[in-house]
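Take a look at the letters that make up each chain.
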Amino acid sequence: MDDFFMADPDAPRLSQKKRKRQQAAVGKEQKAKTRASSKRDDAGSGSDHEVGGAETVDDMDLVGDRNVAEESDSEAERETAAQKRLRLAKRYLAKVREEAGGEEGEVDAADLDRDIIADRLRDEALEAVGRLHHAIADKYTDVDFADPSRVRTFKHGQTLHSLAITCLAIASPADTSRTTDLSSRKPLYVYSASKDASIVKWDFWTGKRVHFTPGGLKPTKKLTAAYGSRIAAAHKGHSDHILSLAVSSDGQFLATGGRDKAINIWSVADDKHLTVFKQHRDAVAGLAFRKGQNQLYSASLDRTIKLWNIDEMSYVETLYGHQDQITCIDTLARERCITSGSRDRTCRLWKIIEESQLIFRGGGSGTHESAGEDLVVMDGVKKVPKLDKQAGLAGGSLDVVAMLDEEYFVSGSDTGAISLWNINRKKPMFTKLRAHGPGSKLTHGHSTPENPAPTADGAFPEGGCGGITSLAAVKYSDMFASGSADGYIRLWKVDNKKKFHLIGSIPMAGFINSLAFLEAATVPSPDASLATPTPGNTSTPAPRNTAEARLARAKAALASGAPVDGSAPTSKKDLLYLVAGVGQEHRLGRWWRYKGVRNAVKVVTLG
């Protein structure tokens, strides 16, 4: 600054290029002097540069460090999004492991509760894509199903179901503001419908009737000529056999379908009639709600499937393809459904989004297992025995179907054959012939599990029904149940998704027209006391709040499904139940009739 003011203003000024050349020359002279001084210092001290000499800025290898930094930047640029997520996840897990090491025996209730929630979210995500699988069948291999104390019967008078029960549905309302007689339990209802067009709503915990919807008079020609349409307009509900029931996954809506070609929508909470759909041209034999959605699928004897949006109470579309009456339908979380086409001997998987369908044909050629009567429909050397082929035991009318998960399902025919299918194969993976015996008729209120051999002409002894009348599966598991009229409900285990075998038989007389599994808490016995201990009762000392006590309470909460912080219990269930609708007649006709059987709803505690 001083040089600027002391400079002669009249002196000629240098150009910019000249100034830069002078500055560069001065810088080179200073660097040379610095190197010379450093060499003199090294020589005077007698030490070598490589041993302990100090480096200047000019002598440092800055290029190498720059190259390392550039390589790290290029690696970060080459890293994909998936690799970055993986790297961050590993870093997070390592951090969690470091933070997890606290005092020995110390339990964090909030952390445990978060772990429970994380496990449930993972299971729900796997269930949504159909990849969740629970192996539960082995738990029931040693259960004594002949114990009569395992069966509860929902009793009703003559004014309720006067004809055979045809279908069932389980409703678990999401709204917990309404409670049952057992105020500590979540409301759980069982709906049953009959050929008399009536609907009964049962309390699962008490077995008592909650609501009754009577059926209307069948609009015969004589009745219509006498009264016209006044009776039909006044009655809200069905006027002919009810063949199907379905409840939405949130427990808000109940759908019913019957031979009057109508689909009625009801409110589960208010027990009120909401609307009716009359687009089908024949009886509605099957109804199913998509899991997690209020999307309804209906299957009819008019050979069509219709889609409905229950949130908007509107019709969506119609699916065509079956060549005969559709008698059953089932669905899970994905936007697709499986149907059985009766006498066209096909099951069809309908892909709604792709607007396509997969056709699975029952019957046909097959092979016998060396064990005997089990039929494996794969390539092999032994054909179906001539007697079974003439009787049509491998095919017949496919009347019922049930989905195990998004890839596997089972079907049942009127010949008594049960088949296991995979959606990626056109033929069944395994078929069990005469699953409920060769049609032995119920005698004196009971039958025998041993199955007598068929006669020479393939006819069933005594002309009884040996067909499969109902199927139900524990969703995303390896167990399903089948019903017929041989006096038993049979439980089956799926082995490695390739075949299945019998694990138990539950004695139950009559036509098993409908089956449904549900999970719920233990049902208290009628004699059990529901009183809770009073706060002033000090007979039992309070547990100590130690680390061991907190750990024990946390483990108990994990086992029972309740949060470890003591809040409201979670939705985890601890017992498996099987609900059966029993009738004197087949749900689709009156080909047989068992007069000694009572039309009733029965609940079997499996454990």
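For the structure itself, look to the data block above.
Being a predicted model, the structure only gives us computed values, none of them experimental.

Caption draft 1: Structural view of the environment of Ser397. Position of Ser397 among the secondary structure elements: in the loop between helix H9 (386–391) and strand E20 (398–403). For Ser397, a relative accessible area of 2% corresponds to the buried category. Separated by 53 residues in the primary sequence, Ser397 and Asp344 place their C-alpha atoms 7.3 Å from one another. Reaching out from Ser397, the side chain makes a polar contact with the side chain of Ser342 at a distance of 3.1 Å. A distance of 2.7 Å separates the side chain of Ser397 from the side chain of Asp399, its partner in a polar contact.

Caption draft 2: Layout of the pattern of salt bridges. Scanning all chains against the criterion turns up 12 salt bridges. As a salt-bridge pair, Asp495 and Lys493 come within 4.0 Å of each other at their nearest N and O atoms. Across the pair Arg590 and Glu585 runs a salt bridge, and its minimum N-O distance is 2.9 Å. For Glu585, a relative accessible area of 6% translates into the label buried.

Caption draft 3: Structural context of the nonpolar core. One finds Met479, Ile489, Leu491, Phe517, Leu578 and Leu606 to be the most contacted residues of the largest nonpolar core, which totals 27 residues. Residue assignment for this core shows that the elements contributing at least two residues are strand E25 (479–483), strand E26 (488–495), strand E27 (499–507), strand E28 (511–520) and strand E29 (575–583). Listed in part, the 18 residues of the second largest apolar core include Trp205, Tyr577, Val579 and Val601.

Caption draft 4: The packing of aromatic side chains, seen in detail. Tallied over the entire structure, the rule returns 15 aromatic pairs. Pairing Phe430 with Phe500 gives two aromatic rings, centres 5.0 Å apart and planes at 85°, and the pair type is edge-to-face. Note that Phe430 is positioned in strand E23 (residues 430–432) and Phe500 in strand E27, a separation of 70 residues in sequence. An angle of 20° between the planes, with centres 5.2 Å apart, marks the rings of Phe511 and Tyr594 as stacked. Remark: Tyr594 occurs in the loop between E29 and strand E30 (600–605) and Phe511 occurs in strand E28; sequence separation between them is 83 residues. A connected cluster of aromatic rings, assembled from ring pairs, spans Phe430, Phe480, Trp492 and Phe500. The ring of Phe204 has Arg152 lying over it, and the distance from NZ or CZ to the ring centre is 5.2 Å.

Caption draft 5: Main features of the sheet that holds strand E11 (residues 295–300). Overall, antiparallel pairing links the four strands, which are arranged E10-E11-E12-E13 in an open sheet. Strands at the two margins of the open sheet, each flanked by one partner only, are strand E10 (284–289) and strand E13 (314–320). Here the average twist between neighbouring strands, direction ignored, is 20°. Here six bridges tie strand E12 (residues 304–309) to E13, and the two strands are oriented antiparallel to one another. Within the sheet, the bridge partner assigned to Ile305 lies in E13 and is Leu319.

Caption draft 6: Structural context of the sheet that holds strand E15 (residues 336–340). Read from one edge to the other, the open sheet built from four strands follows the order E14-E15-E16-E17, with strand pairing classed as antiparallel. The sheet is open, and its two edges are formed by strand E14 (328–331) and strand E17 (356–361), each paired on a single side. Taken over all neighbouring pairs, the strand axes of this sheet differ in orientation by 20° on average, direction set aside. In the sheet, E14 pairs with E15 via four bridges, with the strands oriented antiparallel. Each residue of the ladder has a partner; that of Cys328, found in E15, is Ser340.

Parameters and conventions
Residues numbered from 1 in each chain as written. Predicted model: local features only at pLDDT ≥ 70, side-chain atom pairs only at ≥ 80, totals over all residues. Heavy atoms only, no water. Helix = DSSP H or I, 4+ residues; strand = E, 2+ residues; numbered from the N terminus. Buried < 20%, exposed > 50% of the residue type's maximum accessible area, 1.4 Å probe, protein only. Polar contact = N/O pair within 3.5 Å; in protein donor to acceptor, adjacent residues only side chain to side chain. Salt bridge = Lys/Arg side-chain N within 4 Å of Asp/Glu carboxyl O. Core = buried A, V, L, I, M, F, W, Y, C linked by side-chain atoms within 4.5 Å. Phe/Tyr/Trp six-rings, centres within 6.5 Å; stacked < 30°, edge-to-face > 60°. Lys NZ or Arg CZ within 6 Å of the ring centre and 35° of its normal. Pairing = 2+ DSSP bridges. Axes fitted to C-alpha atoms, helices over the stretch in contact; angles between N-to-C directions.

Read these as layout, nothing more, since geometry by itself doesn't imply function.
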